[in-house]
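# Examination of the molecular architecture
Letter by letter, the chains look like this.
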Amino acid sequence: MILLSGSTLLSFAQNAGKISGNIQDGGNQKIIDAATISLLHAGDSSLLKTALADKEGHYAFENVPAGNYLVMATSTGHSKVYSAPVTVEATTADAKVAMLQLIPVTKSLEAVVVTSKKQFVERKLDKTIINPDALISNTGTTALEVLEKSPGITVDKDGNISLRGKQGVLVMIDGKPTYMSNQEVVNFLKAMPSSSIEQIELMTNPSAKYDAAGNAGIINLKTKKIKQRGFNGNLSTAYGQGFYPKTNNSLNLNYRTGKLNIFSTLNGNYRRHYQDLSIQRIYLNPDESVRAIFRQGTFMRKVREYYSSKIGMDYEFSPKTTIGFVATGYTAPGSENIINTSYLSNSFGAIDSIVTALNQEKSRWGSSTLNLNFRHQFDSTGRELTADVDYVNYTMNKNQYFYNNSYHADWSKKSHDELAGSLGSGIDIYSGKMDYTQQLPHKIKLEAGLKSSFVKTKNDADYFNVIQGNKEIDYEKSNNFIYEENINAAYVNFSKEIKKWGFQAGLRVENTAYSGKQFGNPQRTDSSFTNGYTNAFPTAYVSYNASEKHNWSFSYGRRISRADYEDLNPFLSFLDKYTYEAGNPFLRPTFSHIFEVGHSYNKFLNTSLKYSHDVDLSTTTFEQKDFATILRPGNFGKRDNVNLSVNARMNPKKWWTIMVNTSGDYNHFAGRLYGEDLDIKAATWLAYMNNQFNFKKGWAAELSGFYRSRGIEGQIIINSMYNLNAGISKQVLKNKGTLKLALRDFTGPMKTAGTVNFQNTRASFNQVNDNKVATISFNYRFGKPIKGMKKRNTGGASDEQNRLKSAN
């Protein structure tokens, strides 16, 4: 209906003419194709429309209202050129512009490379852009490690990602969601090399065009796609040494000729690391006297491998119509060995019993994705129709083995038990979407679209008690669960500029229907649930350019955070003898209202103030049953969050650039959980500074670090933490190659510590990871740059891919 209404608007044509012409290189009289052509109002040089010259150097603007105009042409390596004034009258059929000749700029290739260095952080009206390659300390890192140093982003002890003080972020790859839960996204980003990422887009208040999921906003990782003619590529390899070795390798290839463009990416990653965790729980009696004390020390050794490939093609049937496909796949084998020792003591601290455990796990994650996409530009006025169809398949297989030994206080053996687990899951996702854009009368831009997705997940967990080498199925721990979900959405968005003001308003409506079934066994019956809901998500934006130095903005949006698929699975899963995880089929989605005011001064200082109110907040909760702790997601109340963010960029010297990002958060959690009232208030301060030094002869260096004050994550209070990073780089091979040496967390390793109080339990923890790493890398670029390559995001999926779940 929305698209039909948009098409109806096409029939309201006004008296309009056409402006056309040709361009060529003024130095050698050759035709320049794919140059950018801009149509400007003659009175104030404000931009009306843009177009690209075709391979014959021809361009045209259609449906141009009567008036006086200028035509401006730009192309890489050339000075911009303007036409003489052009007049379009009501009776004018076609206004011709004299040949525009672009004059080449006399600059050496070396000079162009130096001056085109990207900034790490770029500010746009509706997003913040991160360029990972701009920082030397990103050498050999993963995508998650780049996110950790991005402004407004924090990653907690469990790897959960927060944007501007809030969890519930929707993570997207190349404009489409990853179809994974928060934990799976973290595992994926831990394996993904940062060298494969071109840009990271941070959107705290996305427009109605995007899925409403993610009450903290959207993080979009744009992978590298070489924009070059002929056969070109980019090779990157890195070796890092912490306590254990790590490698990152990537290869990007591209072939473009005529109307055909073929691109591919290969990634290979090996990371061996450790985690050292200590936990203490003090169990209290109702009168708050000490009942017992639990202490546990755990050392985890993990190996993660990641191999991925992507191949895609774009074909231009005509200058206005393009079709394409993208096929991606990855496999991620891994293993871990966990050794822990637990002590249970009486109220006087005397040891009553000891438990030692060896947990072994081997796993393999796999995924295959196919995207078909279509794009058609009706004319040069901005009328465009795009469509995407996606199919995604995820598989996971995991084999676990648990060895537990119980001892008396004198280490005489009490008992021994073994548990084996075989876990598997499969997820099939189908998604399709269509987007339409049109320029309406009075310079109003219309965006509208439809989207539908269907998800089916199947999870099997079979556990066996091993007795004298024989396996007996444990029906209490075994589980089989199926979940299905269908989301249908439609949106409309309008935007307009009036002198110094910019306005945008949109509305997105989503209908969600889902069902789940847990199959029974000889010890329990089947259980199932079905639910559905429809919600509207309005958005609004206002911007005001007060002067060349001052720019103001305001935005509002309503968003939703749906439960991860596996979080709805009600059954317990076994972590160790004293720790369990469980799902919650009665989880409700969390809804958020988000308000944000921003100010930019002279493109150097950016300040924003954000307030959000969440209802039916869902987070990990802690429940104590005897001496075991059960972790499960639950809705417990509301949260109010206030975030103040200040970012500045300074240049004390020509060769020295300083970037400072600071953020202050105030969180108030209130509700009721397991019969107890919950009221937690806390403020957190985060500061990040990056110093970049650019020297002569291709040398550069970097020194950066961050500090985070004490704060809260749901029920957990996290102590302060910090780290420092350094790096040095050298351009080689005529600036086509780069050698880098990076030292990450060189004063560390950084420690994460905190406390949590729940029911009659007081708990604390201390965690250390393999973060102190030295990495050397080499990057080589080959091929010549081309101009004017059209870009578009492919992928029509919603937030489904962000909601799969796995163990860390």
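Up top you'll find the structure we're talking about.
Residues numbered from 1 in each chain as written. Predicted model: local features only at pLDDT ≥ 70, side-chain atom pairs only at ≥ 80, totals over all residues. Heavy atoms only, no water.

## Digging into the packing of aromatic side chains
- Applying the stated criterion across every chain, the model contains 29 aromatic pairs.
- One aromatic cluster is present, formed by Phe 481, Tyr 483, Tyr 514, Phe 529 and Tyr 533 through successive ring pairs.
- Here the guanidinium or amino end of Lys 471 rests over the ring plane of Phe 464, the centre of that ring lying 5.8 Å away. (Phe/Tyr/Trp six-rings, centres within 6.5 Å; stacked < 30°, edge-to-face > 60°. Lys NZ or Arg CZ within 6 Å of the ring centre and 35° of its normal.)

## Some words on the environment of Trp 501
- Within the secondary structure layout, Trp 501 lies in strand E29 (residues 501-518).
- Expressed as a C-alpha distance, the spacing of Trp 501 and Ala 546, which sit 45 residues apart in the sequence, is 8.8 Å.
- Each residue touching Trp 501, except ones within four places of it in the same chain, is listed here: Lys 496, Val 542, Ser 543 and Tyr 544. (Helix = DSSP H or I, 4+ residues; strand = E, 2+ residues; numbered from the N terminus. Contact = heavy atoms within 4.5 Å.)

## Quick notes on the pattern of salt bridges
- Across all of its chains, the model carries 16 salt bridges by this definition.
- Here Lys 209 and Glu 447 are joined by a salt bridge, their closest N and O atoms 4.0 Å apart. Of the two residues, Lys 209 is situated in the loop between strand E16 (197-203) and strand E17 (217-223) and Glu 447 in strand E26 (residues 444-467); the sequence distance between them amounts to 238 residues.
- Residue class for Glu 447 comes out buried when judged on its relative accessible area of 12%.
- Close ionic contact of Lys 458 with Asp 460 constitutes a salt bridge, the shortest N to O distance being 3.0 Å.
- Here the salt bridges share partners, and the residues they tie into one network are Asp 211, Lys 451, Arg 508, Glu 510 and Arg 562. (Salt bridge = Lys/Arg side-chain N within 4 Å of Asp/Glu carboxyl O. Buried < 20%, exposed > 50% of the residue type's maximum accessible area, 1.4 Å probe, protein only.)

## Considering the environment of Phe 464
- By secondary structure assignment, the location of Phe 464 is in strand E26.
- On a C-alpha basis, the gap between Phe 464 and Lys 477 in space is 8.6 Å, while along the polypeptide they are 13 residues apart.
- Ignoring sequence-local partners within four residues, the contact set of Phe 464 consists of Glu 418, Leu 419, Ala 420, Lys 471, Glu 472, Ile 473 and Asp 474.

## Some details on unusual backbone geometry
- Here the amide bond leading from Gly 748 into Pro 749 is cis, since omega sits at 10°, within 30 degrees of zero.
- Along the chain, Pro 749 falls in the loop between strand E43 (737-744) and strand E44 (751-758).
- Notably, Leu 733 is not glycine yet its phi reads approximately 55°, a positive angle.
- Locating Leu 733 in the fold gives a position in the loop between strand E42 (721-732) and E43.
- Accessibility expressed as a relative area gives 53% for Leu 733, which makes it exposed.
- Although it is not a glycine, Asn 735 sits at a positive phi angle of roughly 65°.

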